[in-house]
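So the chains spell out like this:
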Amino acid sequence: MPATAQTRITGGEWRGRLLSTPRQQLLRPTRAMVREALFNILGDEVVGATVVDLFAGAGTVGFEALSRGAGEVVFVDRDDQALAHIRRSAETLQCADRCQVIRSEALRWVRSRPAALAAAGLAFVDAPYRDNTVMDVLTALGEAPPRVVVCEHHRARSLPDRVGGLAVVRRGRYGITDLSVFRPAGMEVGIGE
């Protein structure tokens, strides 16, 4: 079995382009159906935005955001192999100048970068389904929230309507995957409705 698999970008400038993804049991790239639904929900929120892709893995969500008009993506992951794949994909797509690739635990990075997060348009949280730091990461994001926070999680993990300084404005279910979309509390304007 080859060491890599491929996933396709679903929309924007690079629609249809294939990205290599590491074939690891712990690495689960966001499925095309979920990415397409996510960006349909977000609409123009992503255009020109700085996007923070936490638990970036193969970076498929970040590259999809760039394809759909994001200004810059900050990819944060702790796995060197995943980060190497992100760098190769950025070179292939000729967008390395719009990518920051950071090796760090998501929670540590979020806690250390409140100004960068507050200036971001979107943070995407896609922790491994059994990772128990998701609530801590969301709580930390709520301390200096970007305009929108999206959490991809297993449907069995129920997230509350409020997490720290964040409030849910929309939820969606796509097979075993749920998307919970948050805004800063007090700014609960809907998204994509």
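An account of the accompanying structure is given in this report. Here the structure is a predicted model, which means the values were calculated and not measured.

### Remarks on the overall build of the protein chain
- Within the protein chain one finds 6 helices and 10 strands.
- Scaling as 2.2 N^0.38, a compact globule of 193 residues should have a C-alpha radius of gyration of about 16 Å, and the protein chain matches this with 15 Å.
- Overall, the protein chain is about 45 × 35 × 30 Å in size when its C-alpha atoms are taken along their principal axes.
- Looking at the protein chain residue by residue over its 193 residues, the buried ones come to 51%.
- Considering only contacts within the protein chain whose residues lie at least 6 apart along the sequence, 61% involve residues at least 24 apart.
- With the model as given, the accessible surface of the protein chain reaches about 9,000 Å², and the carbon-plus-sulfur share is 48%.
- Averaging the locations of the 25 positively and 22 negatively charged side chains of the protein chain gives two centres separated by 4 Å.

### Re the sheet that holds strand β9 (residues 166-174)
- Pairing within the open sheet is mixed, and its 8 strands lie in the order β5-β4-β3-β6-β7-β10-β9-β8. In the strand order of this sheet, the two ends are held by β5 (99-103) and β8 (162-163), each with one partner.
- The sheet contact formed by strand β3 (residues 50-54) and strand β4 (residues 72-77) spans 5 bridges and is parallel. Considered in β4, the bridge of valine 52 is made with valine 74.
- Against the sheet, helix α2 (residues 60-67) touches β3, β4, β5 and β6 (122-125), its axis set at about 180° to β4.

### Looking at the packing of helix α1 (residues 32-42) against α2
- Two numbers describe how α1 lies on α2: the axes approach to 11 Å, and their chain directions differ by 45°. The angle between α1 and α2 falls in the class oblique. Pair α1 / α2 crosses with right-handed handedness. For the pair α1 and α2, the contacting residues are Arg35, Leu38 and Phe39 in the first and Thr60, Val61, Glu64 and Ala65 in the second.

### Observations concerning the side chain of histidine 153
- The topology assignment puts histidine 153 in strand β7 (residues 148-154).
- Residue class for histidine 153 comes out buried when judged on its relative accessible area of 3%.
- Side-chain polar atoms of histidine 153 contact the backbone oxygen of arginine 157, separated by 3.0 Å.
- What histidine 153 contacts, discounting residues up to four positions off in sequence, is Tyr129, Leu159, Ile176, Thr177, Asp178 and Ser180.

### Some details on the pattern of salt bridges
- Scanning all chains against the criterion turns up 8 salt bridges.
- With a closest N to O distance of 3.4 Å, glutamate 105 and arginine 78 form a salt bridge. Of the two residues, glutamate 105 sits in the loop between β5 and α4 (106-112) while arginine 78 sits in the loop between β4 and α3 (80-92), which places them 27 residues apart along the sequence.
- The structure contains a network of salt bridges with shared partners spanning Arg35, Glu64 and Arg68.

### What to know about the pairing of β6
- In β6, alternate side chains face the same way, and those of Leu122 and Phe124 on one face and Ala123 and Val125 on the other are all buried.
- Pairing geometry for β3 and β6, over 4 bridges, is parallel. When the bridges of β6 are listed, leucine 54 appears paired with valine 125.
- Sheet topology places β6 next to β7; 4 bridges connect them, and they run parallel. Among the inter-strand pairings, phenylalanine 124 is bridged to a residue of β7, identified as valine 150.
- With helix α6 (residues 134-141) bridging β6 and the parallel β7, this β-α-β connection has right-handed handedness.

### Points about the environment of valine 76
- For valine 76, the location among the structural elements is in strand β4.
- Note: C-alpha distance between valine 76 and alanine 56 (20 residues apart in sequence) is 5.6 Å.
- Not counting residues within four places of it along the chain, the set of residues in contact with valine 76 comprises Asp53, Leu54, Phe55, Ala56, Ile102, Ser104, Ala106 and Trp109.

Definitions and limits used
- Residues numbered from 1 in each chain as written.
- Predicted model: local features only at pLDDT ≥ 70, side-chain atom pairs only at ≥ 80, totals over all residues.
- Heavy atoms only, no water.
- Helix = DSSP H or I, 4+ residues; strand = E, 2+ residues; numbered from the N terminus.
- Rg over C-alpha atoms; globule rule 2.2 N^0.38 Å.
- Buried < 20%, exposed > 50% of the residue type's maximum accessible area, 1.4 Å probe, protein only.
- Contact = heavy atoms within 4.5 Å.
- Areas by Shrake-Rupley, 256 points an atom, 1.4 Å probe, with all protein chains shown as cover.
- Lys, Arg positive; Asp, Glu negative; His and termini not counted.
- Charge placed at Lys NZ, Arg CZ, Asp CG, Glu CD.
- Pairing = 2+ DSSP bridges.
- Axes fitted to C-alpha atoms, helices over the stretch in contact; angles between N-to-C directions.
- Parallel < 35°, antiparallel > 145°, perpendicular 65-115°, else oblique.
- Left-handed = near helix turned anticlockwise from the far one by under 90°.
- Polar contact = N/O pair within 3.5 Å; in protein donor to acceptor, adjacent residues only side chain to side chain.
- Salt bridge = Lys/Arg side-chain N within 4 Å of Asp/Glu carboxyl O.
- Right-handed = clockwise from strand over helix to strand, strands pointing away.

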